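Summary of the model geometry
What follows is each chain in one-letter form.
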Amino acid sequence: MSILTHDAICREMTSPDRLDDPLVITPLLDAGQIGQSSVDVRLGHQFIVLQRAAVTHIDATQREQLQRSLHRSQHQTRVSLHEQFIIHPGQLALGATIEYLSVPTHLAATVEGRSSWGRLGLIIATACNVDPGFKGCITLELVNSGEAPLVLYPGVRIAQLVFHLTDGTAKYDKGKYDCPIGPQFSRIDHDKEIMFWGGASCPSPPVS
């Protein structure tokens, strides 16, 4: 599995040979976002903020209760340009990239935090794999592991995408998070085997 360098990323985005299935990252506000082996992505305007005391617990196997718990424990907010979004120590918030991606079927990507933010205590906890064929903005799990509140602004370069050539082609088709345009609530209850492990009735145990 090869990592794409700057020139290869640019070719995937512009080559006439890729017009039927190009790599699309839009908007790219600065050509400098394409680095030597990654593409910097920027923080969007929408956030999902977790409220610690709103519910006693969250049980992913209780489907109806889960949706109520998620909406009670999390709320969405929008931050305008030049406004602050403050993330406190120990807090988890969901953000999303400004950039909308369309990943061709012969590429995959991983989302990694930028070390400049990591040295201030901000962790991009997503450890996210972006599948071939994925389209949408990428949800980012933001955790402040430092000792002081961090001030974030929409538009700052917050994470980076590392692209890989796949061995064969695949397509993200009707997945749990299809074509998002902002951060999305967890859909863990869409995992087919989750009810089985919680002891609820399930047609069959999970297949490896």
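Structure: above.
Residues numbered from 1 in each chain as written. Predicted model: local features only at pLDDT ≥ 70, side-chain atom pairs only at ≥ 80, totals over all residues. Heavy atoms only, no water.

Spatially, 5 strands are ordered S4-S3-S6-S12-S9 in an open sheet, and the strand pairing comes out antiparallel. Bordering the open sheet on either side are strand S4 (74-78) and strand S9 (122-124), each of which pairs with just one other strand. Strand-to-strand twist of the sheet, defined as the mean angle between neighbouring strand axes without regard to direction, takes the value 25°. As paired strands, S9 and strand S12 (residues 139-144) are joined by 3 bridges and run antiparallel to one another. Each bridged residue has a counterpart across the sheet, and for Ile124 the counterpart in S12 is Leu142. (Pairing = 2+ DSSP bridges. Helix = DSSP H or I, 4+ residues; strand = E, 2+ residues; numbered from the N terminus. Axes fitted to C-alpha atoms, helices over the stretch in contact; angles between N-to-C directions.)

It is worth spelling out the packing of aromatic side chains at this point. Inspection of every chain in the model, using the stated rule, returns 1 aromatic pair. Here Phe47 and Phe85 contribute two aromatic rings whose centre-to-centre distance is 3.9 Å and whose plane-to-plane angle is 5°, an arrangement assigned as stacked. With Phe47 in strand S3 (residues 46-50) and Phe85 in strand S5 (residues 85-87), the pair connects residues that are 38 residues apart, well separated along the chain. The buried category is assigned to Phe85, whose relative accessible area is 7%. (Phe/Tyr/Trp six-rings, centres within 6.5 Å; stacked < 30°, edge-to-face > 60°. Buried < 20%, exposed > 50% of the residue type's maximum accessible area, 1.4 Å probe, protein only.)

Examined bridge by bridge, strand S8 (residues 107-113) and strand S14 (residues 157-165) share 7 bridges and lie antiparallel to one another. Following the sheet pairing, Gly113 is matched in S14 by Ala159. Sheet topology note: the S8/strand S10 (residues 129-130) ladder contains 2 bridges and is antiparallel. Across the sheet, the residue bridging to Thr110 is Asn129, located in S10.

Next up on the list: the pattern of salt bridges. Tallied over the entire structure, the rule returns 3 salt bridges. Taken together, the salt bridges that share partners define one network made up of Asp40, Arg114 and Arg157. (Salt bridge = Lys/Arg side-chain N within 4 Å of Asp/Glu carboxyl O.)

Let us now look at unusual backbone geometry. A negative phi angle characterises most non-glycine residues, just as the trans form characterises most peptide bonds. Each neighbour pair has its own omega, and for Thr26 with Pro27 the value is 0°, a cis peptide bond. The phi angle at His82 is positive, at roughly 75°, despite the residue not being glycine. Within the secondary structure, His82 is located in the loop between S4 and S5.

Turning our attention to the sheet that holds S8. The sheet built from 4 strands is open, its strands ordered S2-S14-S8-S10 with antiparallel pairing. Whereas interior strands pair on both sides, the edge strands pair on one side only; in this sheet they are strand S2 (39-42) and S10. Across 4 bridges, the pairing between S2 and S14 is antiparallel. If you follow Arg42 over to S14, its bridge partner there is Arg157.

With that settled, consider the nonpolar core. In terms of nonpolar packing, the biggest core is built from 35 residues, with Ile138, Leu142, Leu152, Ile158 and Phe163 touching the most fellow members. Take this core: its biggest share by element is 4 residues, from S14. With sequence-adjacent residues up to four places away left out, Phe163 is seen in contact with Ser2, Ile3, Leu4, Ile9, Leu23, Ile25, Val39, Ala108 and Ala109. (Core = buried A, V, L, I, M, F, W, Y, C linked by side-chain atoms within 4.5 Å. Contact = heavy atoms within 4.5 Å.)

What follows concerns the side chain of Asp40. As for its position among the elements, Asp40 is in strand S2. Within the structure, Asp40 has its side chain in polar contact with the side chain of Arg157 (distance 2.5 Å). The residues touching Asp40, leaving out its near neighbours within four places in the chain, are Gln33, Glu99, Arg114, Arg157, Ala159 and Gln160. (Polar contact = N/O pair within 3.5 Å; in protein donor to acceptor, adjacent residues only side chain to side chain.)

Glancing now at the side chain of Arg42. By the secondary structure assignment, Arg42 is in strand S2. The buried charged residue Arg42 lacks any salt bridge partner; its closest oppositely charged side chain belongs to Asp30, at an N-O distance of 4.3 Å. At a separation of 3.1 Å, a polar atom in the side chain of Arg42 contacts the side chain of Gln33. With near-sequence residues (within four places) excluded, Arg42 lies in contact with Leu29, Asp30, Gln33, Ala96, Thr97, Ile98, Glu99, Gly155, Val156, Arg157 and Ile158. (Lys, Arg positive; Asp, Glu negative; His and termini not counted.)

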